[in-house]
There are 4 protein chains.
Amino acid sequence: MQKIKFETDYQEGASPEVLKLLTSTNLEQTSGYGEDPHTSRAKDLIRREIGMPDSAVYFMAGGTQTNTTVIKHLLSPCEGVIAVSTGHINVHESGAIEATGHKVIALEGHDGLLDAEDLRTYMEAFNADPTNEHMVQPGMVYVSYSSELGTLYTKKGLSAIKKVCEDYGLKLFVDGARIGTAVTSEASDMSMKDIAGLCDAFYIGGTKNGALLGEAVVFPQPETVKLKQFTTLIKQQGGLLAKGRLLGIQFEALFEDGLFYRNAKHANSQAMKIKRAFTEKGITFLIDSPTNQQFPILTRQQNETLSEKFSYESWQPLKDGRLAVRFCTSWATTDDNINELIEAIRRL
Amino acid sequence: MQKIKFETDYQEGASPEVLKLLTSTNLEQTSGYGEDPHTSRAKDLIRREIGMPDSAVYFMAGGTQTNTTVIKHLLSPCEGVIAVSTGHINVHESGAIEATGHKVIALEGHDGLLDAEDLRTYMEAFNADPTNEHMVQPGMVYVSYSSELGTLYTKKGLSAIKKVCEDYGLKLFVDGARIGTAVTSEASDMSMKDIAGLCDAFYIGGTKNGALLGEAVVFPQPETVKLKQFTTLIKQQGGLLAKGRLLGIQFEALFEDGLFYRNAKHANSQAMKIKRAFTEKGITFLIDSPTNQQFPILTRQQNETLSEKFSYESWQPLKDGRLAVRFCTSWATTDDNINELIEAIRRL
Amino acid sequence: MQKIKFETDYQEGASPEVLKLLTSTNLEQTSGYGEDPHTSRAKDLIRREIGMPDSAVYFMAGGTQTNTTVIKHLLSPCEGVIAVSTGHINVHESGAIEATGHKVIALEGHDGLLDAEDLRTYMEAFNADPTNEHMVQPGMVYVSYSSELGTLYTKKGLSAIKKVCEDYGLKLFVDGARIGTAVTSEASDMSMKDIAGLCDAFYIGGTKNGALLGEAVVFPQPETVKLKQFTTLIKQQGGLLAKGRLLGIQFEALFEDGLFYRNAKHANSQAMKIKRAFTEKGITFLIDSPTNQQFPILTRQQNETLSEKFSYESWQPLKDGRLAVRFCTSWATTDDNINELIEAIRRL
Amino acid sequence: MQKIKFETDYQEGASPEVLKLLTSTNLEQTSGYGEDPHTSRAKDLIRREIGMPDSAVYFMAGGTQTNTTVIKHLLSPCEGVIAVSTGHINVHESGAIEATGHKVIALEGHDGLLDAEDLRTYMEAFNADPTNEHMVQPGMVYVSYSSELGTLYTKKGLSAIKKVCEDYGLKLFVDGARIGTAVTSEASDMSMKDIAGLCDAFYIGGTKNGALLGEAVVFPQPETVKLKQFTTLIKQQGGLLAKGRLLGIQFEALFEDGLFYRNAKHANSQAMKIKRAFTEKGITFLIDSPTNQQFPILTRQQNETLSEKFSYESWQPLKDGRLAVRFCTSWATTDDNINELIEAIRRL
């Protein structure tokens, strides 16, 4: 019998609405590489969404590809990108950033989040260091919204980071692989428009929120980031799909009438049910996440019992022998599966 | 009114059978990154197809990504890859190969094909050059089947190239973005099994033959090419899809019962109708292509007339004022569109 | 009036014996790129020195160049190099390692040294991490002898690191930019021969020990590290000098009759005088260094007084307001300058 | 008996005046990395030489290093550098340019020189190509003065190239590894000042004209090329010497009172004697070079006879069985050796 999977938010296909639009448009003839009407329309929908009609939008196939291409575009050869040590680019992209020649400068995070004061302290020390001409020059700050640990920047927190970036000439890039569940979280005080107003680039993750694949990169002020060769760079990085419309059509479906938000809210709502069940059982969490990733700490026995029927990710062994694990929900998480899980938690 | 498009072989979505399987499997829960049963099954089908049960198969999203990753994997830092000057990696990949640090060593081709004797002459000269320690070391030969000009290697021709590769310690890599229309062409004397037997790596193009996207890389003798870190490299190059099953399911559909070949045969058959129509009209070709790309040479008047109703690619202006153009067919090219085109050709 | 400089060990030219040999051989005609008799002789002298007649020796112009080239040679594209966070490659090489595509994996050091147990713990955790296929693969350990803080590995300590490397398939590379003062330190229990016996590659720093420039890279077991294209790689990295003999002649002078060791002993001896003077004054050190770099901790007043007449490096501000500084000696440090400094310390 | 060598212009050490200054300054204490008074002075002398007091000057160790660093600095990630197919960066730098991620776009040269009209034709075709967004973007033109074949651009020719660069937004970079013998050739109508006025960057080769090693990079209009991080880039590329004064002192000696020009004139004068001797013997040349490289075409018998006593480079076998060879002179070529060679030529 197959276990019920709560491993991650990309274990099913696509939202039915997405598949439906792919199917209904399947035999239309369009030009390749995103030069098609669906892609144009999807870009317009996103521009409308963030209220920035002049912003530049590009579609790419996945997160690592997007991070690599944007960072390569925005940095000069001697520059590195600052991220928290748990940041996706620092840990789980197989050195993709370094493969383009740039160092990831890791600062310690707090529950997955970068603190503006830590950033300022780092930049002050860097600037005060008389040997800094022999060091990688900090050129950009990379943050994720939500973070790898499901946590969220507040508007105040991200604004403070932005301020440090301005003070020190750093670009700010927001990885939004999970921006859907972030902005729809009850704990969030930022919309995508807010994010757009605070950064030099961000992306809207489709893969983890109802698309088969696809991320939408947004440069809110395109005139400041010399995008002339950006399509060529996407091609160079292997990210330009021949059937570019595959991405455009999906984002069209996601942003036509709010599917993107409905998907994300569903994921969050299912996650909160899990969170409540663990809490009611007296099980604590590695971190207090308000989004679709939950990190309860299980005893060995609890873990053995739950893993008989459910699969989820081992996250971090604790020194006391317990194990922090990750349960992840998505647009596709069914009530049946949630209920089975809740029952099992109650029986622990 | 929209023109009928013969621009390329990726202007529609996917074969209905492919979409159907994507739809029917949509809510299955599977692990990410290609660790799912559909991907496993698709790999098995491909191994069966080429009669090499021990070969290694990987799925990637597109051609440039595949070329870059395979070449980066197979070369050491000082090595370059030999290709004909019209080769896709030398012209239309935005310098993706160089972006990984490797030179493309361009030799003149003949109708898009590399001649084994030219290759041998180059290698002899390289080895005789006393300054060659200061030069990029040739490490691999890259050929396309079919070529950028729709032409085909004979088994004898490719075997001769293989022989030179063996004599000089070069890897041989076959870009099969259009391998479907290649092996099903009436002019072909090679199967995919033959290709697999002659090279160190090749790939089977899905994007241009019925998939939404996807290429299947095959290493026929995996033990000779140290694949231990190849998945990590795919990830580093931004080519590892979270929903890896998107590729596996499509190749499952393509190779379950021969859809891949039916698609390709259809494309070739439609192309031959176009070829015949031009020929009967007395219009000549830039090249005698036996596959789904056709390169008739049009007068300015003919071009103006045809382009009123049809779109196709400008390929190469000739010195006499005429223009070589490209008409491309695919699995999706309808009889109606072909017939309209043929009528138009006849009326020229 | 110019201050007396104790900033670093490369503030003068070359040992007189080195200059003399450069001058006496100046008009000899030799082939370029290190294909000259002096370079051959120097290689033989080094092989003799380490008692490994089959080892491979190459000369390069500087430390960053050497680190970059050796690491690029020994790693495959997905691999990174482990170093302590204070390691030269992690801090002061402007991202040169990352510029070749490889991540520096930073572990916390202890007084500049890597602990074998920390390394083992890291490797165990890496191997136990189910997501490690998406991570940079550890491929090599980089240590410096002496370290950036002037400290030394014991033979036992380096052997323990070597053991972990063998257990986990890691290469071991020793940066010997200051290997001269390391092996001649009274605290050292390793010779260059010992180092050679423990690593896959190391280099002998000339720049900081009497040469105008130059580092000698040694691969003790050349058959294990595929050196066929290494000269080509040096050229690719911009490190192959046209007048390669400039390096060969200098190492010939350094290893002809022990000048290399005499130079280093002189540097250490002068450093110990400084160390004693500070100690006698009751001034403590950031670290207990047995080599030519000394790190006393000065009060603001002491620093102001000393810096009137002497220049040295600010190293690290302490929380109590004091400043750790670095005094560095070399083959060229005169007794007069040492005596003036000692007097000044006594007067503090 | 050792043969008399005419292989290249870097087979001896340094001009005696250079060695003398290195020796007399040897024990001066200076800061590292080129932050010393000799380096400052050398920069001033070069600025004075080209009459551009605001130009930026940097010293690097060798030609490949310099080419790589300047090109990496001036190009963005999608851009390539145009060079003639015989250009040093295209042939003899082991793929160093590609190793930084940039394609060398090779155009056919004429006797080693790029023709402005060929360049314009290439740029027109590139701009007219509807697929050029998928191609490496031409960003820079690289020329050598003198060329690999010893030939020279006229001021008119280089100005025409500059005009095309301006028309198409390309940077112009002049490799001056042999600029000394170029500007002092009787056939030259350009000074270094002229070169500086026509390009975005060039360098003055010391290695081949009297220095042990060293090239002086000049950016005539530093404000146009964002040099802020250039020293960091030199460090990243492994080109920043700890004892940077080694370069500064040598250029000081070369430009103090015209030694650079005297050296070059001597080389040219000796070369012209060789040229005359071959000409008088009725031996023709592969190319009519007015500088210190001469390319006579020898019969097999002539080659055998000359090579008994002299060594020189085999350059290119001709189809008729003869061999084009290269004789190279330098500042160090003695009258005795020239006379012996002339005698031998006469006896052929």
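Here, the structure is the one placed above.
Report follows, based on the coordinates. (Residues numbered from 1 in each chain as written. Chains lettered and ligands numbered in written order. Predicted model: local features only at pLDDT ≥ 70, side-chain atom pairs only at ≥ 80, totals over all residues. Heavy atoms only, no water.)

### Digging into the sheet that holds strand β3 (residues 79-84) of chain B
Residues and elements named next belong to chain B.
Argument step 1. Taken together, the seven strands give an open sheet; going across it, the order is β2-β8-β7-β6-β5-β3-β4, and neighbouring strands pair in mixed fashion. The strands lining the two open edges of the sheet, one partner per strand, are β2 (56-60) and β4 (104-107). Shown here is a sheet whose adjacent strand axes are inclined to one another by a mean of 25 degrees, direction ignored.
Argument step 2. Taken together, the two bridges between strand β6 (residues 171-175) and strand β7 (residues 201-205) define a ladder with parallel strand orientation. (Pairing = 2+ DSSP bridges. Helix = DSSP H or I, 4+ residues; strand = E, 2+ residues; numbered from the N terminus. Axes fitted to C-alpha atoms, helices over the stretch in contact; angles between N-to-C directions.)

### A look at the interface of chain C and chain D
Argument step 1. In this assembly, 48 residues from chain C lie in contact with 48 residues from chain D.
Argument step 2. Roughly 4000 Å² of surface becomes buried between chain C and chain D when both sides are summed, with 52% attributable to carbon and sulfur atoms.
Argument step 3. Considering only the side of chain C, the residues that lose the most area to chain D are Y10, Q29 and K243 of chain C, jointly responsible for 20% of the buried surface there.
Argument step 4. Counting every contact that joins chain C to chain D gives 34 residue pairs in polar contact (both at pLDDT 80 or more). (Contact = heavy atoms within 4.5 Å. Buried area = accessible area lost by both parts, 1.4 Å probe. Polar contact = N/O pair within 3.5 Å; in protein donor to acceptor, adjacent residues only side chain to side chain.)

### A short note on helix α7 (residues 155-168) of chain B
All names here are of chain B.
Argument step 1. If you check α7, its first and last C-alpha atoms are 20 Å apart, about what 14 residues at 1.5 Å a residue would give, namely 20 Å.
Argument step 2. Listing the buried residues of α7 in full gives L158, I161, K162, V164 and C165. Projected onto a plane normal to the axis of α7, the buried residues spread over an arc of 160 degrees and lie on a single side. Opposite the buried face of α7, by more than 90 degrees, sit the exposed residues K156 and E166.
Argument step 3. On its buried face, α7 is in contact with α6 (116-128), β5 (137-144), β6 and α9 (192-198). (Expected span 1.5 Å × (residues − 1). Buried < 20%, exposed > 50% of the residue type's maximum accessible area, 1.4 Å probe, protein only. Arc of directions from axis to C-beta.)

### Things to note about the packing of helix α2 (residues 37-50) of chain B against helix α11 (residues 245-256) of chain B
Residue and element names in this part refer to chain B.
Argument step 1. Packing of α2 against α11 brings their axes to within 7 Å, and their N-to-C directions diverge by 40 degrees. The orientation of α2 with respect to α11, classified from their angle, is oblique. By crossing handedness, the relation of α2 to α11 is classed as left-handed. In this structure, α2 uses H38, T39, R41, A42, L45, I46, R48 and E49 to contact α11, whose residues at the interface are R245, G248, I249, F251, E252, F255 and E256.
Argument step 2. Of the residues in the contact of α2 with α11, the class split is six nonpolar, three polar and six charged. (Parallel < 35°, antiparallel > 145°, perpendicular 65-115°, else oblique. Left-handed = near helix turned anticlockwise from the far one by under 90°. Nonpolar A, V, L, I, M, F, W, Y, C, P; charged D, E, K, R; others polar.)

### With respect to the interface of chain D and chain A
Argument step 1. Each partner contributes residues to the interface: chain D has 18 residues there, and chain A has 18 residues.
Argument step 2. Scanning the region where chain D abuts chain A turns up zero salt bridges.
Argument step 3. Our count for the chain D to chain A interface comes out at eight residue pairs in polar contact (both at pLDDT 80 or more). (Salt bridge = Lys/Arg side-chain N within 4 Å of Asp/Glu carboxyl O.)

### Considerations on the side chain of K5 of chain D
Argument step 1. Mapped onto the fold, K5 of chain D is located in strand β1 (residues 4-5).
Argument step 2. Ignoring anything within four residues of it in the chain, the contact list for K5 of chain D reads Q29, T30 and S31 of chain C together with Q11 and S311 of chain D.

### Observations regarding empty space enclosed by the protein
It is a probe the size of a water molecule, rolled over the atoms, that shows where empty space is left.
Residues and elements named next belong to chain D.
Argument step 1. Applying the stated criterion to the full structure yields 16 cavities of 30 Å³ or more.
Argument step 2. A volume near 310 Å³ is recorded for the largest cavity.
Argument step 3. Around the largest cavity, the lining comprises 28 residues; the ones closest to its centre are G62, G63, T64, H88 and K208.
Argument step 4. Residue contributions to the lining of the largest cavity peak at four residues, all from helix α3 (residues 63-74).
Argument step 5. Of the residues in the lining of the largest cavity, the class split is eight nonpolar, 12 polar and eight charged. (1 Å grid on protein atoms, 1.4 Å probe; cavity = no way out; pocket = protein on both sides within 12 Å on 5 of 7 lines; lining within 4 Å. Points joined across faces, edges and corners; volume = space filled by probe spheres on them.)

### Considerations on the relation of the copies chain D and chain A
Argument step 1. For the match of chain D to chain A, the screw axis carries a shift of 0.0 Å, the RMSD comes to 0.0 Å, and the turn is 180 degrees. What we have between these two chains is a two-fold relation. Among all C-alpha atoms of chain D, that of S76 of chain D lies closest to the rotation axis, at 4.0 Å.
Argument step 2. Most of the interface of chain D is mirrored in chain A, where 100% of its interface residues again form contacts. (Least-squares fit on C-alpha atoms with pLDDT ≥ 70 in both.)

### Things to note about the nonpolar core
Argument step 1. The biggest cluster of nonpolar side chains holds 122 residues, and the ones touching the most others in it are I161 and I204 of chain A together with I161 and I204 of chain B.
Argument step 2. Not counting the four nearest positions on each side in its chain, I161 of chain A is found in contact with L114, A116, L119, V141, V143, Y153 and L172 of chain A.
Argument step 3. One finds I161 of chain C together with I82, V141 and L172 of chain D within the second-largest nonpolar core, a separate group that totals 120 residues. (Core = buried A, V, L, I, M, F, W, Y, C linked by side-chain atoms within 4.5 Å.)

### Side note on the relation of the copies chain C and chain D
Argument step 1. With an RMSD of 0.0 Å, the fit of chain C onto chain D corresponds to turning through 180 degrees and sliding 0.0 Å along the axis.
Argument step 2. Here 100% of the interface residues in chain C have copies in chain D that are interface residues too; the copies meet face to matching face.

### Digging into the pattern of salt bridges
Argument step 1. Here the structure, examined in full by the defined rule, presents 64 salt bridges over all chains.
Argument step 2. Residue K103 of chain C pairs with E98 of chain A through a salt bridge whose shortest N-O separation is 2.6 Å. Note that K103 of chain C is positioned in the loop between α5 (96-99) and β4 (104-107) and E98 of chain A in helix α5 (residues 96-99), a pairing that runs across two chains. The same class applies to K103 of chain C and to E98 of chain A, which are both buried.

### Details of the sheet that holds strand β2 (residues 56-60) of chain C
Residue and element names in this part refer to chain C.
Argument step 1. Judged by pairing direction, the sheet is mixed, and its seven strands sit side by side in the order β2-β8-β7-β6-β5-β3-β4 without closing on themselves. The two strands at the open ends of the sheet, each matched to only one other strand, are β2 and β4. Between one strand axis and the next, the sheet turns through 25 degrees on average, direction left out of account.
Argument step 2. In terms of strand pairing, β2 meets strand β8 (residues 215-219) through five bridges, oriented antiparallel. Across the sheet, residue A56 finds its bridge partner in β8, namely F219.
Argument step 3. Against the sheet, helix α2 (residues 37-50) engages β2, β7 (201-205) and β8, with an angle of about 125 degrees to β2.
Argument step 4. Where helix α11 (residues 245-256) meets the sheet, its contacts fall on β2, β7 and β8, and the angle it forms with β2 comes to roughly 115 degrees.

### What about the packing of aromatic side chains?
Argument step 1. Counted according to the given criterion, the structure contains 72 aromatic pairs over all chains.
Argument step 2. Pairing Y312 of chain D with F327 of chain D gives two aromatic rings, centres 4.4 Å apart and planes at 25 degrees, and the pair type is stacked. Here Y312 of chain D is found in the loop between β11 (310-311) and β12 (313-317), whereas its partner F327 of chain D is found in strand β13 (residues 323-328), with 15 residues between them in sequence. Both residues of the pair, Y312 of chain D and F327 of chain D, belong to the buried class.
Argument step 3. One aromatic cluster is present, built from ring pairs that chain together F6, F278, F285, F310, Y312 and F327 of chain A.
Argument step 4. Across the ring face of Y58 of chain C, the terminal group of K43 of chain C is positioned such that the distance to the ring centre comes to 5.6 Å. (Phe/Tyr/Trp six-rings, centres within 6.5 Å; stacked < 30°, edge-to-face > 60°. Lys NZ or Arg CZ within 6 Å of the ring centre and 35° of its normal.)

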